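Report on the structure
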Amino acid sequence: MNPAFLCIAVVCGIGLSFISARSSPKGWIIGTFLSASAGIWLAGIAFLGKHALEWKSAFTVGGQTLHCVLDPLAAWFLVLLCTVGSAGALYSLSYWSENKHPRSAISARRWWTLLTASMGLLLISANGLQFLFAWEVFALAAYFLVTTDRQKRDVRQAGYLYLGASHAATLILFAFFAGIAVHTGTWDLNHLAGHAELAPLFWMALVGFGIKAGIFPLHVWLPSAHANAPSHVSAIMSGVCIKMGIFGLLRFSQWMPVPPQAGWVILTLGVVSSIAGVAFALGQHDLKRLLAYHSVENIGIILLGIGFAFISKANGHAAWGQIAMAGALLHVWNHGLFKSLLFLGAGSVIQACKTRIMSRMGGLWKKMPLTTVFFAIGAAAISGLPPLNGFVSEWLVYLGMLDALTGHGIVAGTAVIPIVALAITGALALACFAKVCGIVFLGAARSEAASNAGESPRSMLTAMAIPAMLCAIIGACPTVFWPLVAPTLSAFNPAWETPIQPESLSTLGSIHLGLWAAAACLGFVMLFSLIRSKRIRRSITWDCGYAQPSVRMQYTAASFASILTSWFFWLLHTVRHEIPPHGPFPAQATVEEHTPETVLEHMVQPVANGILRLSSATRRLQHGRVQSYILYLIIGIIGIALVVGWANPNREQPQNHSSSPYQTVSPQKTDSSISSQPCI
Amino acid sequence: MQTIVHSILHIGFWLLVPPLLPGVINKVKAWVAGRRGPPLFLLYYDLARLLRKHVVMSETASPGFILAPVIGWTALGLATAFIPFGSAGALICFKGDFILFIYLLALSRFCTVWAAMETGSAFEGMGSAREVGFAVLAEAALITALLSLCVQSGSLSMEAILSPSAGTGTLLLAAGLFTILLSENCRVPFDDPNTHLELTMIHEVMVLDHSGPPLAIILHGASVKLMLFSVLLVQAVLPVGTQSPAVSMALLLGGTAVVTLAIGATESLMARFAFNRVPLLLTTAFLLCLFALLAAWRGGVA
């Protein structure tokens, strides 16, 4: 199909969603699905076509020619955006309906459409200003979605924190793009590869995109924003929005030269993020905050793969780099799928139990069997267990690192650390999700609300079924997706011309299929034979002979994780409130553990307080005495005069100072003002 | 044809032989203590008896209580396919298969913990928390051990890394892997399979509520895991895969017997450690494996 036609379909779908967001939710969902399926189709064209889809506007907007490029790298993220975007939209129909939230249902739908549309624009932008515009709209739309429920104080606070962090990122990216524009003389981003002097700008990109991606320790905004947003928003935030940071990193290392140390720095960040993320997750009692910290962990895993890809790119494009990169890319998809699945599941659970605290849930499998099954699939996938998708991508990352290890090359020695770190992360994630599943879904209900919970409506279940199915499919048939990974790899690094599929990938796929089949058969045989011969009897749980176990005797989330959190005390600074039992017949005794936002409270807040103090000090300059104001004016004028006097000598010799900011930008400005005239 | 025979032999071996190991260990312990001890084939009788019995399920448990042990057992069974059998090789062999091996063990652990949490019992919660906690260190140690074999042999599949000997770091690796074996199979000094105090158990406490056929599968799975680690240890240390079939078979069986006797001897001579000392011992195992890795590294460079 013609790409132009598909683009029109995308635009029409977005338009339809906007218009019908108020009057008809059905129209809104149809519009969303229309644009999403057209988007996926476009991505397919970009994957399979020889050249990237490119479009440059004949007109200019604000002096800039719009420039869109849909190459396999952008298409990779676009597919994820379309999938999670439509699943989340479907989920929100009954989750955030007019009946439940008359005040915010319509605006939530509008912002959703704007969020997904701006992310789509971001992915295909090849002009700095256009990119920044899309980035800012995306950040603002996400802010309004996070604060959908803004009557609550926590929500507003989380929103402020998110907005602050996000604008810090935008500011840095502004400087980054301005830096590029100063060096190249244009905001257009397409021909940067030759400019070796741009490499140091990468560090700015790393911080700017790193904040968005939630790399430890830049993740401070992430837990509270994810926890306080409505769950379908958390799903897209965690599944797709933070991936925009990863996309930015990849995009500007694809188009721009990067410093040689970049790979090592990313690798280190990956190791730190993955272990710290999961350690903090273990300490959480709030279901959504826990899931949010797992995003930090999974971003870390993605960074491990990317780090190896960068190192390989800087050292002769070794083949292990592309396998690690393939793993990282696939993990972008996989994390997007299972994390949105988990957040959607968490949303259903939280709506049913009316709390986010895990220790007030329990026994939900009886009331919400399908949600339990979907959540269990997500939990097994995020713990990297075979035969699901999480294992496939982690295995590819492992394989890249192992190849580097046995290759006796430059990274052979250091590859051991990330490999062991990834293994530890996997084991910790398993511990964490064993805790979540055990405390939330199994055992007996710990509260009135949990015992009266009911299964979610069908549209919410369908929305969870989509990512759950995809998790199983990617796990069982990983080779099907290689034809999509391969062009993405060669788009990222042209030196990897035709990435060879690791031959063991197909073996892995068939083993996964075998495991599914064997487990299903044996499970069926066991259950069926027991039920048919009526050999199952129910009785109370064995509690050491105690015949009246109460629900409060069950293990809690904090006690389950206490062994592991105590190992990470140096990082988590877990606070423990304890009233120990006294006397032979203790009346009351309590233990409570709470893991604070350590990085926020011990690192960011002191700095923020310093800035606040500094800014209130400058307020003393304003006091109402006219004489002083005149003095300020004079000082200002002298300052300007000095600046002009310093800059002036440059203007006399324009040819010799082509790298000076004033020289290179101004001709471009005049050009654009001329070119914009015919339009007006 | 040969693959079919190989698979039948493989499945037959892993179905029938593993339950022998706990019997041998118990005999060794009895012999050291001067008792007659339970019969060598006790576990076989137990399994046959349990398979005929009814299941008593906790009122809070879901069908997952029965399915989880089955899935866990399947995962363990699949994990055996990557373990080579002397010079006969492994049933399945591909590059990076030992990662799958480790994660299949993790899957079986997840299933055990899931089934334990089904009951809502505080004791089983305790056992689960310990299991997943200690497994973090054990898994790190195990992967370090396998990495040292990778570096030593320069290849990335279980079959290839296990067939030659472990080189300079053999003793370190053997000590490290033996400690991991004890921890992963919940033997003394990490756990005492004979204790009857729920508060102090790990593995046994997680299966307190199981009965009938699911318990049979769990017990069989536990013996398979024990066999798995014993065979792994023997092949990691001795160059079993490079010998002629007869010699390799003799080495493998002899080696497994020695490992089993060593487990029995450890259990007879040592007491269970306090829980706060368990991480210390596991860290030691990790360090032993790390030094084995460094030794392999030096050997490879020199």
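A short tour of the structure in this document, coming up. (Residues numbered from 1 in each chain as written. Chains lettered and ligands numbered in written order. Predicted model: local features only at pLDDT ≥ 70, side-chain atom pairs only at ≥ 80, totals over all residues. Heavy atoms only, no water.)

1. Some thoughts on the nonpolar core
Heads up, the rule is: Grouping buried Ala, Val, Leu, Ile, Met, Phe, Trp, Tyr and Cys residues that are joined through side-chain atoms within 4.5 Å yields what is termed a nonpolar core. Remark: exposure states derive from per-residue accessible area (1.4 Å probe, protein chains only) relative to the maximum for the residue type, with buried under 20%, exposed over 50%, and partly exposed in between. Any two residues whose heavy atoms approach within 4.5 Å are treated as being in contact.
Membership of the largest hydrophobic core comes to 318 residues, with the highest contact counts inside it found for Phe177(A), Ile246(A), Leu250(A) and Leu364(A). Setting aside anything within four residues of it in sequence, one finds Phe177(A) in contact with Gly128(A), Phe131(A), Leu132(A), Trp187(A), Leu189(A) and Phe252(A). In this structure, Leu43(B), Leu50(B), Leu215(B) and Ala216(B) belong to the second largest nonpolar core, which totals 7 residues.

2. Regarding the interface of chain B and chain A
Worth spelling out the cut-off: We define buried area as the total accessible area lost by two parts upon association, computed with a 1.4 Å probe and summed across both. We define a salt bridge as a contact between a side-chain nitrogen of Lys or Arg and a carboxyl oxygen of Asp or Glu at a distance within 4 Å. Nitrogen and oxygen atoms within 3.5 Å of one another constitute a polar contact, given that in protein one can donate a hydrogen and the other can accept it, and given that sequence-neighbouring residues count only through two side-chain atoms. A run of H or I in DSSP becomes a helix once it reaches four residues, and a run of E becomes a strand once it reaches two; helices and strands are each numbered from the N terminus. Should DSSP find at least two bridges between two strands, the strands are taken to pair.
Counting residues at the interface gives 75 residues for chain B and 71 residues for chain A. For the chain B and chain A pair, buried surface summed over both sides reaches about 6,300 Å², with 77% attributable to carbon and sulfur atoms. At the boundary of chain B and chain A, one finds 1 salt bridge. Across the salt bridge formed by Asp403(A) and Lys95(B), the nearest N and O atoms sit 3.2 Å from each other. Counting the contacts that link chain B with chain A gives 20 residue pairs in polar contact (both at pLDDT 80 or more). Secondary-structure elements contributing two or more residues to the side of chain B that touches chain A are helix H3 (42–52), strand E1 (55–58), helix H4 (64–80), helix H5 (97–118), helix H6 (122–153), helix H10 (212–237) and helix H12 (278–301) of chain B. The leading source of residues in the side of chain B that touches chain A is H6(B), at 20 residues. Note that strand E3 (residues 536–539) of chain A and E1(B) share 4 bridges and pair parallel. Within E1(B), the residue paired with Ser539(A) across the bridge is Ser58(B).

3. Concerning H6(B)
Residues and elements named next belong to chain B. Selection criterion: In this scheme, a helix's expected span is set at 1.5 Å multiplied by one less than its residue total. Bend at a residue means the angle formed by two fitted axes: the first through the 7 residues ending at that position, the second through the 7 residues beginning there.
With 32 residues, H6 ought to run about 46 Å at 1.5 Å a step, and its terminal C-alpha atoms sit 46 Å apart, in line with that. At Val 136, H6 shows its maximal kink, close to 30 degrees. The element H6 is largely enclosed, with a buried count of 30 among its 32 residues. Measuring from the side-chain oxygen of the N-cap residue of H6 to the backbone nitrogen of Phe 123 gives 3.2 Å; that N-cap residue is Ser 121. Count one or two residues on from H6 and you reach Gly 154, which has phi positive near 70 degrees.

4. Describing the environment of Leu192(A)
Mapped onto the elements, Leu192(A) comes out in the loop between helix H6 (153–184) and helix H7 (201–213). Not counting residues up to four positions away in its chain, the partners in contact with Leu192(A) are Ile180(A), Thr184(A), Leu198(A), Trp255(A), Met256(A) and Pro257(A).

5. Some points on empty space enclosed by the protein
Residue and element names in this part refer to chain B. Selection criterion: Grid points spaced at 1 Å over the protein atoms alone were grouped into cavities, where a 1.4 Å probe fits but cannot get out, and pockets, open sets with protein on both sides within 12 Å along at least five of seven lines, with lining residues defined by an atom within 4 Å of a point. Grid points are joined across faces, edges and corners, and a volume is the space filled by probe spheres set on the points. Each residue gets one label: Ala, Val, Leu, Ile, Met, Phe, Trp, Tyr, Cys and Pro are nonpolar, Asp, Glu, Lys and Arg are charged, and the others, such as Gly, are polar.
Using the criterion set out here, one finds 8 cavities of 30 Å³ or more in the structure. For the largest cavity, the calculated volume is near 80 Å³. Taken together, Glu 131, Phe 134, Ala 135, Ala 138, Ser 183, Glu 184, Cys 186, Phe 190 and Ile 202 form the lining of the largest cavity. Broken down by secondary-structure element, the contributors of at least two residues to the lining of the largest cavity are H6 and helix H8 (170–184). The element contributing the most residues to the lining of the largest cavity is H6, with 4 residues. Taken together, the residues of the lining of the largest cavity break down into 6 nonpolar, 1 polar and 2 charged. Approximately 60 Å³ is the volume found for the second largest cavity. Per-class residue counts for the lining of the second largest cavity are 4 nonpolar, 6 polar and 1 charged.

6. Quick look at the pattern of salt bridges
Residue and element names in this part refer to chain B. Tallied over the full model, the rule gives 14 salt bridges over all chains. We note a salt bridge from Arg 109 to Glu 139, for which the minimum N-O separation is 3.4 Å. Of this pair, Arg 109 sits in helix H5 while Glu 139 sits in helix H6; the two residues are 30 residues apart in sequence, bridging distant segments of the chain. With a relative accessible area of 4%, Arg 109 lands in the buried category. Exposure remark for Glu 139: the relative accessible area of 4% places this residue in the buried category.

7. Notes on the side chain of Ser118(A)
Inspection of the secondary structure assignment puts Ser118(A) in helix H4 (residues 105–124). Apart from the residues within four sequence positions on either side, Ser118(A) is in contact with Ala134(A), Val137(A) and Phe138(A).

8. Digging into unusual backbone geometry
Residue Pro386(A) is joined to Pro387(A) through a cis peptide bond whose omega torsion reads 5 degrees. The residue Pro387(A) is located in the loop between helix H13 (369–382) and helix H14 (389–406) in this model. A cis geometry characterises the amide bond from Val188(B) onward to Pro189(B), with omega recorded as 10 degrees. Structurally, the position occupied by Pro189(B) is in the loop between H8 and helix H9 (203–206). A positive phi is found at Lys534(A), a non-glycine position, where the angle reads about 50 degrees. Judged by relative accessible area, which is 69%, Lys534(A) ranks as exposed. Residue Cys186(B) is not a glycine yet carries a positive backbone phi of 55 degrees. Along the chain, the position of Cys186(B) falls in the loop between H8 and H9.

9. Considering helix H9 (residues 231–254) of chain A
Compared with an ideal rise of 1.5 Å per residue, which puts 24 residues at 34 Å, H9(A) spans 33 Å between its outermost C-alpha atoms and is within 8% of the ideal. At Met237(A), H9(A) is deflected by roughly 40 degrees, the largest bend along its length.

10. A short note on the packing of aromatic side chains
Two descriptors summarise a pair of aromatic rings, namely the distance from one centre to the other and the angle between the planes of the rings. Applicable threshold: A pair of Phe, Tyr and Trp rings is counted when the ring centres sit within 6.5 Å of each other, with Trp represented by its six-membered ring. The angle between the planes then sorts it: under 30 degrees is stacked, over 60 is edge-to-face, the rest tilted. For a ring to carry a charge above it, either NZ of a lysine or CZ of an arginine must fall within 6 Å of the ring centroid while also lying within 35 degrees of the normal to the ring plane.
Going through the model one piece at a time under the given rule, you end up with 40 aromatic pairs over all chains. Arranged with centres 6.1 Å apart and planes meeting at 85 degrees, the rings of Phe47(A) and Trp76(A) form a pair that is edge-to-face. Placement of the pair is Phe47(A) in helix H2 (residues 25–48) and Trp76(A) in helix H3 (residues 72–95), with a sequence separation of 29 residues. Assigned by exposure class, Phe47(A) and Trp76(A) land together as buried. Each ring, one from Trp395(A) and one from Phe94(B), has its centre 6.0 Å from the other, and the planes form 70 degrees; the classification is edge-to-face. Separated into two different chains, Trp395(A) in helix H14 and Phe94(B) in the loop between H4 and H5 make up a pair that spans both. Just as Trp395(A) is buried, Phe94(B) falls in that class too. The rings of Phe131(A), Trp135(A), Phe138(A), Phe176(A), Phe177(A), Phe209(A), Phe252(A) and Trp255(A) are connected pair by pair, giving a single aromatic cluster. Here Arg109(A) stacks its cationic end above the ring of Trp28(A), 5.8 Å away from the centre of that ring. The cationic tip of Lys212(A) hangs over the ring face of Phe138(A); the distance from NZ or CZ to the ring centre is 4.7 Å.

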